[in-house]
Amino acid sequence: MDLKALIRTIPDHPKPGILFRDITTLLADGPGFREVITRLAARYQDAGIAKVAGIEARGFILGGALADRLGAGFVPIRKSGKLPGATIGHDYELEYGVDRVEIHRDAVSPGERVVLIDDLIATGGTAEAGLVLLRRLEAEVVEAAFVIDLPELGGRRRLETTCPTFCLIAFEGH
Ligand code: AMP
């Protein structure tokens, strides 16, 4: 199945010069969504995964479906101030300014095998911050998985230096 054909590209969103790779059209296609989860589940089904950690917000949709298929738990990595329980957080640099992601302190136990998931890796900053949190909880991060890689932004290469990284498809450009 051609997953790329199911992803919509919206130029100049959220700002001029960005080609926004919109997965809502893929998620809205039943066979397409199932194909994504089937491919990811096939990759991790024998990997002893205890938890799938999804990055807000599109990582929740993919991660929830994947966790169910693997019989694993799901844990959210969220933007600052959203999680109700005791959290740890990590600040990371954006092009302009900083952002922060958080995870519940008790979301993962030491040694648990985890897959980190998001829809897309661009510069890798968001995923790297998620990885920092999981490692602070002493998770064993088996792999970071994405539907889309934007190779020209170098995030995958950067993340791969500290964590195995898997992407289903790639788009040229920014
Ligand atoms: P980064 O931290 O630079 O790897 O950015 C990754 C995060 O930003 C992911 O959560 C993506 O959903 C979102 N993102 C970055 N660039 C794009 C893009 N061109 N199209 C859609 N989402 C993007």
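Note that the structure is predicted; figures quoted are calculated from it, not measured.

**What about the overall build of the protein?**
Logical step 1: When you go through the protein residue by residue, the secondary structure sums to 5 helices and 9 strands.
Logical step 2: Reading the helices (α) and strands (β) of the protein from amino to carboxyl end gives β-β-α-α-β-α-β-β-β-β-α-β-α-β.
Logical step 3: Its C-alpha atoms give the protein a radius of gyration of 15 Å, within 12% of the compact-globule value 16 Å for 174 residues.
Logical step 4: Along the longest, intermediate and shortest principal axes, the C-alpha atoms of the protein span 40 × 40 × 30 Å.
Logical step 5: Expressed as a percentage of its 174 residues, the buried residues of the protein come to 46%.
Logical step 6: At a minimum sequence separation of 6, the contacts of the protein that also span at least 24 residues come to 57%.

**Focus: the pattern of salt bridges**
Oppositely charged side chains can form a pair if their charged atoms are brought close together.
Logical step 1: If you walk through the whole model with that rule in mind, you get 11 salt bridges.
Logical step 2: For the salt bridge of Lys51 with Glu112, the shortest nitrogen-to-oxygen distance reads 2.8 Å. Here the residue Lys51 occupies a position in strand β3 (residues 51-55), and Glu112 occupies one in the loop between β6 (98-104) and β7 (113-121), the gap between them amounting to 61 residues.
Logical step 3: Residue classification places Lys51 among the buried residues on the basis of a relative accessible area of 17%.
Logical step 4: Each of Asp91, Arg100 and Glu102 takes part in a single network of salt bridges with overlapping partners.

**Looking at the sheet that holds strand β5 (residues 87-93)**
Strands in a sheet are paired, the pairing made by backbone hydrogen bonds, and the direction either parallel or antiparallel.
Logical step 1: Spatial ordering of the open sheet is given by β5-β6-β4-β3-β7-β8-β9, a layout of 7 strands whose pairing is mixed. In this open sheet, the two edge strands, each paired with only one partner strand, are β5 and β9 (165-170). Strand-to-strand, the axes of this sheet are offset by a mean angle of 20°, without reference to chain direction.
Logical step 2: Bridging between β7 and strand β8 (residues 140-149) involves 8 bridges; their strand directions are parallel. Residue pairing for β8: Ile117 is matched across the bridge by Ala145.
Logical step 3: Contacts from helix α2 (residues 30-44) reach β7, β8 and β9, with the element oriented near 155° to β9.

**Digging into the state of the cysteines**
Logical step 1: Summed over the entire model, instances satisfying the criterion amount to 0 disulfides.
Logical step 2: No disulfide involves Cys163; its sulfur sits 11 Å from the nearest other cysteine sulfur, which is in Cys167.
Logical step 3: For Cys163, a relative accessible area of 1% translates into the label buried.
Logical step 4: Accessibility expressed as a relative area gives 11% for Cys167, which makes it buried.

**Notes on the pairing of β3**
Logical step 1: By the criterion of burial, β3 is predominantly enclosed, with 5 of the 5 residues buried.
Logical step 2: The alternating pattern of β3 places Lys51, Ala53 and Ile55 on one face and Val52 and Gly54 on the opposite face, and all of these are buried.
Logical step 3: In this region the chain leaves β3, passes through helix α3 (residues 58-70) and returns to the parallel neighbour strand β4 (residues 73-79); the handedness of that crossover is right-handed.

**Details of the site of the ligand**
Logical step 1: Surveying the vicinity of the ligand reveals 14 residues, the closest of which are Arg58, Asp119, Thr123, Gly124 and Thr126.
Logical step 2: For the ligand, an oxygen atom lies 3.4 Å from a polar atom in the backbone of Gly125.
Logical step 3: Alone, the ligand offers 480 Å² of accessible surface; in the complex the protein occludes 82% of this.
Logical step 4: A majority-of-atoms criterion places the ligand in the largest pocket.

**A closer look at the layout of surface pockets**
Logical step 1: Taken as a whole, the largest pocket holds about 1,200 Å³ of empty space.
Logical step 2: Within the residue set of the lining of the largest pocket, elements represented by two or more residues are β2 (19-22), β5, β7 and α4 (125-136).
Logical step 3: Element by element, the count of residues in the lining of the largest pocket is highest for α4, at 6 residues.

What counts as what
- Residues numbered from 1 in each chain as written.
- Predicted model: local features only at pLDDT ≥ 70, side-chain atom pairs only at ≥ 80, totals over all residues.
- Heavy atoms only, no water.
- Helix = DSSP H or I, 4+ residues; strand = E, 2+ residues; numbered from the N terminus.
- Rg over C-alpha atoms; globule rule 2.2 N^0.38 Å.
- Buried < 20%, exposed > 50% of the residue type's maximum accessible area, 1.4 Å probe, protein only.
- Contact = heavy atoms within 4.5 Å.
- Salt bridge = Lys/Arg side-chain N within 4 Å of Asp/Glu carboxyl O.
- Pairing = 2+ DSSP bridges.
- Axes fitted to C-alpha atoms, helices over the stretch in contact; angles between N-to-C directions.
- Disulfide = S-S within 2.5 Å.
- Right-handed = clockwise from strand over helix to strand, strands pointing away.
- Near = heavy atom within 4 Å.
- Polar contact = N/O pair within 3.5 Å; in protein donor to acceptor, adjacent residues only side chain to side chain.
- Areas by Shrake-Rupley, 256 points an atom, 1.4 Å probe, with all protein chains shown as cover.
- 1 Å grid on protein atoms, 1.4 Å probe; cavity = no way out; pocket = protein on both sides within 12 Å on 5 of 7 lines; lining within 4 Å.
- Sits in = over half its atoms within 2 Å of the grid points.
- Points joined across faces, edges and corners; volume = space filled by probe spheres on them.

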